[in-house]
Each structure stands twice: as structure tokens, then as C-alpha cells.
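Here's the letter readout for the chains.
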Amino acid sequence: MRKLTKLLLFFFLSSSALAQINEPIKPEVKIGIALSGGGAKGFAHIGVLKVLEEEGIPIQVVSGTSMGSIVGGLYAIGYTPAMLEEIAMRDDWIDFFSSNPARETQAIFQRSLEDRHVVSVPLNNGRFALPQGFFEGQKFSLMLSQLTLPYHNVSDFTAFPIPYGTVATSLETGEGVLFTQGDLEQVIRASSAFPSAFKPIMIGDHSYVDGGLTRNIPVSDAIELGATFVIAVDVTSNLKTPQNLTSFLDVMNQSMGFAMKKSDAEQIALSNFYIRPNIDDFAMYDVNRVSEIIAAGEDAARKLIPELKEALQEYSYSPSQTTFKKIEIPEALIFDEIHIEGISGGEKMVAQEILKFDSNLPVTHQDLEKAITLLYKTGLYNMINYRLVDIAPNEGQKLVFTISSYDRNQFAFGARFDSEYKSSLLFSLDKSTVFYKNDLLMSDLRVGNQFQLKANYFKPYSFFRTSGLNLVAQIRRSPFNIYTNRTIGSSLNVEVLSLDILSGIQVLENVTMSGGFHFEAYNIGQKVGETILFGGTNTNSSAQFLIYGNTFKRAIYPIDGHNFFLKGEYSQKGWDHTKYLAQLSFLWHQYYPLNAKFSLFSKVILGSTIHNNYNVPLHYYYFAGGTLPIPLFRDNQFDFYGYNVQELRGTNIQYLQMGGQFSLTRSFYLKGVFNLANLSNTWDWDFNYKNLSDGFGFSVGSPTVIGPVELMFDSSGLTGPFSLRINVGYTF
């Protein structure tokens, strides 16, 4: 019996051994992933990568185009899907489309010039020149520099933890070019430089734009990098019917889509596995729906995981949760030299002084960001970037800054609509270095129910634009309504021709102080033909001072910071010292964030007019009413929910506004407002509620590329009257 058992065991083991010998050896596989372009839809790539990591499917090659180049490039250097999701959810992607530096880093005079225009066109030698792209991508570039810091010195992308390549389109040949070496931040920007939106990126002597024009799903590039099994992830927009083309971006994307379809079909045919998330309900610019788009990528990948694993069964690979080491950003930068490129002369000397770091000590990210902020606040520079690279083998590292000058030679256009003044248009012409280095001439023409023609010349006292002489000449014309018992008693036109000569200096990081003289001729009348140029005019001259501060990180829907001014003005009639007018105005506007979504805000306004035998001109009165301030007379005309524009009037004002702002989503805000005020011709410290006007209101709005779009409801009491108002566009 024992012999029989041994004999059976022998035959069993022999059969197993022969079966293993005869079993075909599975070929080893190198799994690659090709990530397509698609604008905001490309966030779905993060969801796909997240599922592949969870399922232990190792990605050994990454190729990407446009948005796929961003996600793929960061993934290849060690950002996990969880880290990529955190970056995508954290950053304000709408803000990256701005050509301007972050608002908190701008000089105060720059902040006052932004957030007024829909589009700007550069001037070249005094002539209009259509821009190569509307956006330079300053903030996007700086973000990539920070995220790729540990790999600034690695020019060979195949040496990344996961070999990587990205595709950009050459403007010279029209061909797609695979980049596997160079400056990672630069080639990612080239691959994602959507035509007309972003300016082309110069790499060497050649210009490149979005790789999606030529090879939107870079499967062949993943194969060229060594992948033997390629997963293609396609987030390309489907072609639409003409009726569904609702924006110029839709039209542009559709035009590009026809050319891309042939390439897409060829690339998909080369892939081993195809994933297309259900992203048809999203637009390529839906950057405020990041979480939904990532979830769409996850859903698509999870549904296809069984098929993918089945397809991989015929290959040999080692499933693992992580195929590379997670990236670690160093706490400080260590370098031996600083190099500055792109500027020369005095501008370079100023930059060298600000960037004078001790090469023997590590420089923290906070110190570096502070230095970049100081550079911006000089008002001299527009685009600042940096990279940390080797000086030479075994000779240490250098920190290289690439800087461009702040050049404001442009023509700009703005448009808005509101319930009070209907449609208004703004045309602006700005010119720098007119008579002297770094001076500025800024001209505005506003047309509509309110008219303004303004020229503002600024001459800095030194190389910095933080102090200087300011000359402002302007003509303003605006209707004024005089209310009696909440009804319009009369309507007047106020026209003012004025000249301001001011000297100003930035006394603190976010505070300026100025003083000087104001001269004006004005006309107030009901007749259309009675203007400041043809009789009926009065004149006035005064001395004035202004202290102004602003720390809002954004002008539209700020969530923290404050804005304030203190203005004083003194005037007297000729040489008659018994006839004088003195006015002192103070405003403080503050936002207090309670969390990431909700902020409280308050606004306090105090103003007093002291005069003796002086007939106070109508435009020197304080006015309140409506849901928006009136920019033409912004120092004494304020919003006040529950009342019509200019309904409340007085030579003195005591005003309080309180409320809350809630972010429904990244692109929609809900505000609730309560305000009360006393506007009268005498200053009264007796705050009897019966003497106060009050009102409340709610608004819902969204920041858009043409400015805020807002719907506002307000009332002076629970029983009405109620008003519904609309505002579309930037305030100017």
C-alpha cells in the first residue's frame, strides 16, 4: 500500500511539473498611460489614476497633451492622485486665466487699474497690435515652478520616477513635437497653450502652442517612450450641433475638433485599452466643477477595471499600490549664485537689490515669496518666474529669475449693464514711458447715461512707482435725482470739468497718502443745452488730502481684507474768509472670514461738511441708495439697500452696513445685507432709530470673464416696497 501511494504521488508531481514546463511564458509588459487634452475635463484624469493606483495597476510610462500634460507631468515626478486632487480642489483655476500678478502682490496704483475691462489689445509703436494670446499665464507659470521645484535640475524626463513625455505643436511646421527633455514647467505650458487664449511659448528659437491641435491623445508617444501596453484616456469634447455652440470657446473648440478627430481615431487604434469618462455634461472651461469631473473619471475607471484586468492577464506584471516614491518639496532652497534674465539697466539693479539673499544660508519658500511680492510692489515688473539649476557639474546650484517689465501700452474695452444707468461702455488708452522712464498716461472715455473723459498722468519721483506726481484732468456728466417723500421731485444734470494736482507716496505696504490741489468748473441745470462749455458755470478750488489702503486679495467677492480711505478738503470763496467749505470723509470696509465658504462683512462711513455762507454744490452732498456705488463720484455716493439710487441725501452722513457672504460653489455667491444710515444737513450724535433710514437685501452672483453677473433683491421694510435689480460687468 505504501508503495502504491508513493507511485501515485510520483505520477502526480511529474504531471504538475510537465504542465508547468508546457505552460506558455507570459510576456513582460510595460504599462503606459496616454492622457488627452480637454480643458477642465482633464481633471477626470485624476480620477482614473486614483482608481488604477487603488487596484494596484502600475503605470510605468506617462504621455500627456494639454491638460493631460499637466496632470501627467506632476504624476510622473511623484504627485500621488490624492495630492493631485488636493491641488485641483485648492487652487482658483479661474484666477490662473488672469494676466496680472496676484492682487495682494501688486502696487496699489496697479490694483486701481485692474478689474475694469473685458479685453485689452497691446500697442506696438503707437499702433494697435492684436495679441498672440489674451493671457500670459503668469500665475499658472509660477504655480508650476513651485510644484516642480525638486525637478528644476532634471532636464531628462525619462529619468523621472515614471518616464514622461508631452506633445506641443510647432507654429513653424504645424507638426506635433514630443518633448522628453528640457524645462518641465516650460514644456507643460507649451503643451497647454490653447491658441488665442494663451500666448505661444518660446522654447529655444521656436514657438509652440497646444499639442491637442496635432496629437490630442498621445498613444504613439507613450509607445515611443517604451510602453508595450497603453491605456488611452480620452476627455475630448464631442462635436456639437450648431444650435449648441453657445460661446466663442465652443466655436473655437468645435473648429479644432474637426481637425483632431482623424488624429484621435489613429491614436485610439494604437492603444491597448480605451477609457472615455462620461464628461459630455461638462464644458472645457468648467473649472468650478472639479470634484464632479474627478468623480466622472473614477466612475469610468471602476466600471472598466474588470475588463482591464482581463486584458492584462496575458501579460506578466507585478501589481503594486505604489510604483514610485512620493514627491517631497524641500523646506528651503540652497544655492550659490543668483542670476537675473529678461531685464537690464535700472530695473535689473532694483531686482538685484531686492533679491540679495545670503548664499551661505538656506532661503525658505516664505522668504522667496516675500521677495517676489516686493518685486511686484515696485510696479516695475509684470511676470516673474524662477528655477533652481546646476551652475556646472559639481560646482553648486544657481537660482535663475526670469523677469519681464511692466509695460502698460494698451487699448482696453469694458462694458456693463445695470438697472439704474442701463448700458455703459468704457474705452481706455494707456501708455508708459511717455516723457520719462516709468511714467504713465492713462486715458478713459465712458459713454452712456453717465459720461466721463479722463486723462491721468503719473510721474514717479524715483525709479519706483511707489511715490510721484499725479495730474488728473477730467470731464464728468451724470444725472442726479432729487427725491421728496420717496418720489423723484426733479432731475438735474451735473457736469464737472476738473484738474487735480497731487503728490503721493506709499507710506506702508498697502497704504498710500497724497495731498494737493483741486480746481473745477461745474454746471447744475435741467436744460440739456446748458453745459460747462456754454455758460451757466460756477468755479471752485480747494486743497485736499487722501489716505487710502486696500488689502483685498480680489476686487470681486473678496473673502478677507479691508479697504479704507480718509479724505479731507478745504475751500473758500475767493479772498472772503467768511465763506468757506470744509469736508471730511471716512470709509472702512472689512471682510471677516469665518471659514473657507462664509465671511462676515461690515462697512462704516462717516462724513461731515462744515460751511459758512457757502452754497454747497450738489455733487458735494453725500448720497446713498441702490445696490452699487457710483464710480464717477465714488467719494460721496454710496450703495444703500432698500432705497433708490441717490434717494438719501445730506451734507453729513453716518452709515453702517453689515452682512454675510456665502460661497454656494466656487462660482456662485449669496450675500445678505442690512444697512442703516442718517443723511442730513446737520451732524447729530443723537442716534435715535426714528431718525435713521434702514433697509436690507439679498443678492446672488457669479464672477465671469466679463465681470460679475448679479441679481439683487432689496427692500426698506418687510412690507415693501421691493426692488429687483441686475448688474452685469465690471464697475467703472
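Okay, so let's go over this structure. (Residues numbered from 1 in each chain as written. Predicted model: local features only at pLDDT ≥ 70, side-chain atom pairs only at ≥ 80, totals over all residues. Heavy atoms only, no water.)

### Observations concerning the packing of helix 2 (residues 44–54) against helix 3 (residues 67–76)
Here helix 2 crosses helix 3 at 35°, and the two axes come no closer than 9 Å. Residues His45, Ile46 and Leu49 of helix 2 lie in contact with helix 3, whose contacting residues are Gly68, Val71 and Tyr75. Of the residues belonging to the contact of helix 2 with helix 3, the class tally is four nonpolar, two polar and no charged. (Axes fitted to C-alpha atoms, helices over the stretch in contact; angles between N-to-C directions. Helix = DSSP H or I, 4+ residues; strand = E, 2+ residues; numbered from the N terminus. Contact = heavy atoms within 4.5 Å. Nonpolar A, V, L, I, M, F, W, Y, C, P; charged D, E, K, R; others polar.)

### Considerations on empty space enclosed by the protein
According to the stated counting rule, one finds four cavities of 30 Å³ or more in the structure shown. Considered as a void within the structure, the second largest cavity measures approximately 210 Å³ in volume. Around the second largest cavity, the lining comprises 19 residues; the ones closest to its centre are Arg416, Asp418, Glu420, Tyr421 and Leu628. Going through the elements one at a time, strand 18 (410–418) and strand 36 (722–728) are the ones with two or more residues in the lining of the second largest cavity. (1 Å grid on protein atoms, 1.4 Å probe; cavity = no way out; pocket = protein on both sides within 12 Å on 5 of 7 lines; lining within 4 Å. Points joined across faces, edges and corners; volume = space filled by probe spheres on them.)

### Thoughts on the pairing of strand 21 (residues 451–460)
As a general feature of sheets, a regular strand has side chains that alternate between the two faces. The pairing of strand 20 (residues 440–448) with strand 21 spans seven bridges and is antiparallel. By the bridge assignment, Met442 is partnered in strand 21 with Asn456. The loop that links strand 20 with its antiparallel partner strand 21 comprises two residues. Pairing of strand 21 with strand 22 (residues 467–484) involves 10 bridges; the strand directions are antiparallel. The residue of strand 22 that forms the bridge with Tyr457 is Leu471. (Pairing = 2+ DSSP bridges.)

### Considering the sheet that holds strand 17 (residues 397–405)
Reading across the sheet, the three strands line up as 14-17-16 and stay open at both edges, with mixed pairing between neighbours. Edge positions in the open sheet fall to strand 14 (337–341) and strand 16 (381–390), since each of these has one partner strand only. Averaged over neighbouring strand pairs, the angle between their axes works out to 20° when direction is ignored. With five bridges joining them, strand 14 and strand 17 adopt parallel strand pairing. Of the residues in strand 17, the one forming a bridge with His339 is Val400. Against the sheet, helix 12 (residues 365–377) engages strand 16 and strand 17, with an angle of about 150° to strand 16.

### Here we look at the sheet that holds strand 30 (residues 637–638)
The strand order 30-29-31 describes an open sheet built from three strands, whose pairing is mixed. For this open sheet the edge positions go to strand 30 and strand 31 (648–650), each flanked by a neighbour on one side alone.

### Considerations on the nonpolar core
Grouped together as the largest cluster of nonpolar side chains are 68 residues, with contacts concentrated most on Ile33, Phe43, Leu52, Ile231 and Leu308. Looking at this core, the element that brings in the most residues is helix 10 (residues 290–312), giving nine residues. Counting residues in each nonpolar core, the second largest holds 23 residues, with Ile343, Tyr381, Leu399 and Phe401 among its members. (Core = buried A, V, L, I, M, F, W, Y, C linked by side-chain atoms within 4.5 Å. Buried < 20%, exposed > 50% of the residue type's maximum accessible area, 1.4 Å probe, protein only.)

### Structural notes on the side chain of His152
Relative to the helices and strands, His152 is located in the loop between helix 6 (138–147) and strand 6 (164–170). Dropping the residues within four chain positions of it, His152 is found in contact with Ser145, Tyr386, Arg387, Leu388 and Val389.

### Overview of the environment of Tyr376
Summarising the element assignment, Tyr376 is placed in helix 12. Sequence separation between Tyr376 and Tyr406 is 30 residues, and the spatial gap between their C-alpha atoms is 9.1 Å.

### Quick notes on the environment of Thr180
Mapped onto the fold, Thr180 is located in the loop between strand 7 (176–179) and helix 7 (184–191). Counting along the chain gives 25 residues from Thr180 to Ser155, while the straight-line C-alpha distance between them is 8.3 Å. Contacts of Thr180, omitting those with residues within four sequence positions, involve Ser155, Asp156, Phe157, Thr158, Tyr164, Gly165 and Leu225.

### With respect to helix 2
Burial analysis of helix 2 places eight of its 11 residues in the buried class, the great majority of the element. For helix 2, the full list of buried residues reads Ala44, His45, Ile46, Gly47, Val48, Leu49, Val51 and Leu52. Its buried side turned inward, helix 2 meets strand 1 (31–35), helix 3, helix 4 (81–90), strand 11 (229–233), strand 12 (273–275) and helix 10. Where helix 2 ends, the next residue or the one after it, Gly56, has phi of about 70°, a positive value.

### Observations regarding the packing of aromatic side chains
Taken as a whole and assessed by the stated rule, the structure comprises 23 aromatic pairs. With a centroid separation of 6.4 Å and an interplanar angle of 75°, the aromatic rings of Phe335 and Phe357 are classed as edge-to-face. Here Phe335 is found in the loop between strand 13 (332–333) and strand 14, whereas its partner Phe357 is found in the loop between helix 11 (345–354) and strand 15 (363–364), with 22 residues between them in sequence. Judged by relative accessible area, Phe335 falls into the buried class, the value being 3%. Note on Phe696 and Phe698: the rings are 6.2 Å apart at their centroids and 75° apart in plane angle, and the pair reads as edge-to-face. In textbook terms, an aromatic cluster arises when at least three aromatic residues are bridged by ring pairs, as seen for Tyr151, Phe157, Phe160 and Tyr164. One cation-aromatic arrangement involves Arg486 over Tyr643; the distance from NZ or CZ to the ring centre is 4.1 Å. Above the plane of the ring of Phe601 lies Lys671, whose end atom (NZ or CZ) is 5.0 Å from the centre. (Phe/Tyr/Trp six-rings, centres within 6.5 Å; stacked < 30°, edge-to-face > 60°. Lys NZ or Arg CZ within 6 Å of the ring centre and 35° of its normal.)

Just geometry here; none of it tells us what the structure is for.
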